[in-house]
Structure formats: C-alpha cells, structure tokens
Amino acid sequence: MRQTITKIRGLTVNVEIIEIHQSDARGGVIWYHAAIYVQRHGSTKRKLVRKSRLPGAAAELQKEIQRDGIQSFDRITLR
C-alpha cells in the first residue's frame, strides 16, 4: 500500500491531496482512495471537501489548477 501527499499552496487557502492505493503483483490497481482537504491560511484545521475512488482523481485536479489557476479553487466550496 502506497500513500502520496500533494500540497498545493494558494493565495488564500492551501489544498492537500492524500492518495492511498494498493496494486497487485502485475501493477494493476486493487484499491484507490483520494481525499482532498482545504486549509485556510493561519488556521490549523483542515476541511474535507471531496473524496474519490477513481484512480487519477488527484492528477486531474492538479491539471485543473495549473490550467485555470485561482478559478479552480472557486469550484471547491468552503462550508
């Protein structure tokens, strides 16, 4: 089982993506889970904003942030 943590720093919030996946001997994905957290600057609390079990969800979010910049953070709602 492997865990990957990706941190994306923004102007007003930081986004942390935690991916956990397990592969079989041939490299096929057995199990995948991604959790996306948002943390406001100056705060110690993280808020879970999205979960996904689809492989590659974190990479898709990173591409969206690189393409759209700050506008992609608007789509992640803070409650």
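Residues numbered from 1 in each chain as written. Predicted model: local features only at pLDDT ≥ 70, side-chain atom pairs only at ≥ 80, totals over all residues. Heavy atoms only, no water.

## Examining the pattern of salt bridges
One side chain can pair with another of opposite charge once the charged atoms of both are near each other. Worth spelling out the cut-off: What makes a salt bridge here is a side-chain nitrogen of Lys or Arg within 4 Å of a carboxyl oxygen of Asp or Glu, nothing more. Only DSSP runs of H or I covering at least 4 residues are called helices, and only runs of E covering at least 2 are called strands; the numbering of each starts at the N terminus.
The tally for this structure, following the rule as stated, stands at 2 salt bridges. For the salt bridge of Lys7 with Glu16, the shortest nitrogen-to-oxygen distance reads 3.9 Å. For the salt bridge of Glu16 with Arg46, the shortest nitrogen-to-oxygen distance reads 2.2 Å. With Glu16 in strand β2 (residues 13–23) and Arg46 in the loop between β3 (29–40) and β4 (47–52), this pair connects stretches of sequence that are 30 residues apart. The network of salt bridges with common partners includes Lys7, Glu16 and Arg46.

## Some points on the environment of Arg40
Which entries qualify depends on this criterion: Any residue under 20% of the maximum accessible area for its type is buried, any over 50% is exposed, and the rest in between are partly exposed; the area is computed with a 1.4 Å probe on protein chains only.
Take Arg40: it is sitting in strand β3. Owing to a relative accessible area of 49%, Arg40 belongs among the partly exposed residues under this scheme. Spatially, the C-alpha atoms of Arg40 and Val15 are 8.8 Å apart, while their sequence positions differ by 25 residues.

## Description of the side chain of Asn14
Which entries qualify depends on this criterion: Only heavy atoms matter for contacts: two residues are in contact if any of them lie within 4.5 Å across the pair.
Structurally, the position occupied by Asn14 is in strand β2. What makes Asn14 buried here is its relative accessible area of 15%. Ignoring anything within four residues of it in the chain, the contact list for Asn14 reads Ile8, Arg9, Tyr37, Val38, Gln39 and His41.

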